[in-house]
Amino acid sequence: MDKKKVESYRKKLQAKQDELLKQVSKSEQDGREADEEGTQDVADKAANSYIKEFLFHQSDDNRRLLQLIEEALARLENGTYGECVACHQEVQLKRLEAVPWARHCIECQEKQEQGLL
Ligand SMILES: [Zn+2]
């Protein structure tokens, strides 16, 4: 992959990383605020725990994505970016455009989703 492409993927990944880090810290703060609001009745409590559950799962997804982005940035550093981590074929450029943190090519991704990888 040429340097220009590498740079453009790095920028994309870093922008997404920034965005996610902000979201993660915001949802942690929202979770704390929901705690501090001191709910009185049962309905409030149910709503509160629902919100916390939602925020928790959301930040869980974000953390997982952050992990993938960190791995992709590491692959950019060591020159293996754009290579499928399973079959070592090049990941389709269209796929990288859509999902710059993709670890697998389309074929391996499908296998993984079917539990075959
Ligand atoms: Zn593959």
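Note that the coordinates shown come from a computational prediction; the quantities given were computed from them, not determined experimentally. (Residues numbered from 1 in each chain as written. Predicted model: local features only at pLDDT ≥ 70, side-chain atom pairs only at ≥ 80, totals over all residues.)

Peer 1: What's the story with the overall build of the chain in this structure? I'm lost.
Peer 2: Along its length, the chain carries four helices and zero strands. Along the chain, from the amino end to the carboxyl end, the secondary structure elements read α-α-α-α. Taking 117 residues into account, the globule formula puts the C-alpha radius of gyration at 13 Å, and the chain, at 19 Å, lies well above it. Every one of the 117 residues in the chain was classed for burial, and the buried ones make up 14%. (Helix = DSSP H or I, 4+ residues; strand = E, 2+ residues; numbered from the N terminus. Rg over C-alpha atoms; globule rule 2.2 N^0.38 Å. Buried ≥ 20, exposed ≤ 12 C-beta atoms within 10 Å, placed from the backbone.)

Peer 1: It is not clear to me how helix H2 (residues 42-78) should be interpreted in this structure. Could you clarify?
Peer 2: Because the α-helix completes a turn every 3.6 residues, residues three or four places apart line up on one side. When the terminal C-alpha atoms of H2 are compared, their 54 Å separation across 37 residues agrees well with the 54 Å that a helix rising 1.5 Å per residue should span. For H2, every residue scored as buried is listed here: Ser59, Ile69 and Ala72. Looking at the buried residues of H2, the elements they touch are helix H1 (3-36). After H2 finishes, the residue Gly79 shows a positive phi value of roughly 80°. (Expected span 1.5 Å × (residues − 1). Contact = placed C-beta atoms within 7 Å.)

Peer 1: Looking at this structure, how should I read the nonpolar core?
Peer 2: The nonpolar side chains of a soluble globular protein tend to be buried, and buried together. Core analysis: the largest hydrophobic core is formed by 12 residues, namely Tyr9, Leu13, Ile69, Ala72, Tyr81, Cys84, Val91, Leu96, Trp101, Ala102, Cys105 and Cys108. When we break this core down by domain, the ones giving at least three residues each are domain 1 (1-81) and domain 2 (82-117). (Core = buried A, V, L, I, M, F, W, Y, C linked by C-beta atoms within 7 Å. Domains from an automatic or database assignment.)

Peer 1: Can you walk me through the domain arrangement of the chain in this structure?
Peer 2: How big an interface is tends to be stated in terms of the accessible area lost upon association of its parts. According to the domain assignment, the chain consists of domain 1 (1-81) and domain 2 (82-117). Put simply, the middle of domain 1 and the middle of domain 2, counted by C-alpha atoms, are 22 Å apart. Listed as interface residues are 10 residues of domain 1 and, on the opposing side, six residues of domain 2. Every element with two or more residues in the side of domain 1 that touches domain 2 is listed here: H1 and H2.

Peer 1: Any chance you could explain the packing of H1 against H2 here in plain terms?
Peer 2: Each pair of packed helices gets described by two things: the angle between the helix axes and the distance between those axes. Two elements in contact, H1 and H2, have axes whose closest approach is 9 Å; the angle formed by their N-to-C orientations is 155°. Of the possible angle classes, the one that applies to H1 and H2 is roughly antiparallel. With respect to the hand of their crossing, H1 and H2 are arranged in left-handed fashion. Residues of the contact of H1 with H2, tallied by class, amount to 14 nonpolar, eight polar and six charged. (Axes fitted to C-alpha atoms, helices over the stretch in contact; angles between N-to-C directions. Parallel < 35°, antiparallel > 145°, perpendicular 65-115°, else oblique. Left-handed = near helix turned anticlockwise from the far one by under 90°. Nonpolar A, V, L, I, M, F, W, Y, C, P; charged D, E, K, R; others polar.)

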